[in-house]
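Observations on the model geometry
Below are the chains, spelled out letter by letter.
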Amino acid sequence: MSPRAGQAGHPARTLAFVESPVQLLNVLEWAHLHGLRDGAGPTHRTATPRTATVPTATPPTATDPSATPRTAPGPADRSGPAVPPGPAGAQLTGAQLTGGPSTGSSATSGPSTGSSAAGGPSAGFSAASGPSAGTELTVVVLSPTDPMTRGQLRRMADLARDEGHRVRWEEARGGTTAPFHTIGGLAGPLRRADRIVMGDPFSRYVQLLLTITRARDLVVVDDGTATMEFVAQLARGERLVRWHRKGGRPGPRDLLFAPVSSSARRRLTPSDRRRVEVFSSMPVTEIPDGVTVTANDFAWTRARFGPPRITQSADLVGTSLVETGVVDGDRYLEAVRNLAKAHGATRYFAHRRESTEKLHRLAVETGLEIVRPDLPLELIARRGPIGRTILSFPSTVVHTLPLALAGTGVRVAVCDIDPTWLTDTASPRAQGFLSGVTGTARDVHRLAAVSLA
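Residues numbered from 1 in each chain as written. Predicted model: local features only at pLDDT ≥ 70, side-chain atom pairs only at ≥ 80, totals over all residues. Heavy atoms only, no water.

Quick look at unusual backbone geometry
Rules: Helix and strand labels come from DSSP, where a helix needs a run of H or I of at least four residues and a strand needs a run of E of at least two; each type is numbered from the N terminus.
In this chain, Gly306 is followed by Pro307 through a cis amide linkage whose omega measures 5 degrees. Turning to its location among the elements, Pro307 is positioned in the loop between helix H7 (299–304) and strand S10 (310–317). Unusually for a residue other than glycine, Phe298 sits at a positive phi of about 60 degrees.

Notes on helix H12 (residues 430–439)
To keep it simple, the criterion reads: Each residue's exposure class comes from its accessible area (1.4 Å probe, protein chains only) as a fraction of the maximum for that residue type: buried when under 20%, exposed when over 50%, partly exposed otherwise. Here the arc refers to the directions that run from the helix axis out to each C-beta atom.
What H12 keeps buried is the set Ala430, Phe433, Leu434, Val437 and Thr438. For H12, the buried positions fall inside an angular range of 140 degrees around the axis, keeping them on one side.

Some remarks on the pattern of salt bridges
Convention followed: What counts as a salt bridge is simple: a side-chain nitrogen of Lys or Arg found within 4 Å of a carboxyl oxygen of Asp or Glu.
Counted according to the given criterion, the structure contains 17 salt bridges. Of the charged contacts, one joins Asp374 and Arg155 as a salt bridge, the two residues approaching to 3.0 Å between their closest N and O atoms. Of this pair, Asp374 sits in the loop between strand S12 (369–373) and helix H10 (377–383) while Arg155 sits in helix H2 (residues 147–162), placing them 219 residues apart in sequence. The burial state of Asp374 is the same as that of Arg155; both residues are buried. Note that Arg361 is salt-bridged to Asp330, the shortest N-O span being 2.8 Å. Pair noted here: Arg361 is in helix H9 (residues 356–366) and Asp330 is in helix H8 (residues 329–343), with a separation of 31 residues, a long-range link. Look at Arg361 and you get partly exposed, because its relative accessible area is 34%. The structure contains a network of salt bridges with shared partners spanning Asp330, Arg337, Arg361 and Glu365.

Structure below.
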């Protein structure tokens, strides 16, 4: 598919919808591959991702790091780094436990441009919300409510601006009327867009927006392991359902939304009037007829960051399988303890959706240094310092980290999920899907499931 699908003599009008920092990272990778950028080109800056260590004090009430005040730079201040340097694993105060900026450094999670009353960057398509009027790609952030995700999204938005792209921040879940304002405000740009890029085709928000657009080019970028399931479901003509929910009976909301979901599936099916591309680092085996699959090798990440400084210890990557109801919390904690002990891991990189209470318990009972990164792990690992061995349970990173860390000598090892760890409410497909995530990972060392006492 040509990235230049607009009218002759004009750049294609591309809207990218993201709801997580990983989705935005992969939009940047896709744009880098296709050469989409502002006419002036990106401003390459030395950008050091920061991480924040979770102390073992009593967890505080959650706060929203995206609301942390900062000194907003004016146009003349744009030469400074969008992701300021700071010490890795910087200790946080109790009030900052949920992912705010580390002490002793400038706050970084606020917007780089003017803010709306809701605390997000300016929502307009005017020159004030982007580098120039000629920008080809506009990233629309459908902001979630989770504080950690919001904080990481703001920092990724800064990187997107550095690359010459516009960012439109939508408080899409900021109250009962927010969806109406968001959809109403996006209706015009959606109808004018030549191309739609989306990070989560399972999102009801995205599915609803797809019913408005007339774009002939649709692109799905990675949203982690969910991409594997999306492509398979599209190939089989099934309804779009997230893997950890598959097998359950549709609820009232599912039934109410079924017509929109069916319409989205039809629009994501290639035809003579519509082209569909999947941009992925995941192994895609069941490719629907007419769908173009483009490999994501994290070229932008490798060009922009690193190479990392490598330590002699091991690092462990956390997962939100407990939070999604797939894995039992006690079993998970014991597995982490045994895995860290067996391989000499000293740090635990938390998933952005892991709960504060769970991380506090992990810190107390395992002795691991709990680190909450404020950027996707691919960027954190690429910049370093990072352990010579990275241990993970089945997740997206067993596919992405070997690509982002290619040539560095870092070994990625994945530990299987034992069936006895699953909860009674886990989807019948959970074990098979997680085994598939592990079994299809390339350039990783496969570990047997750790035994629990």
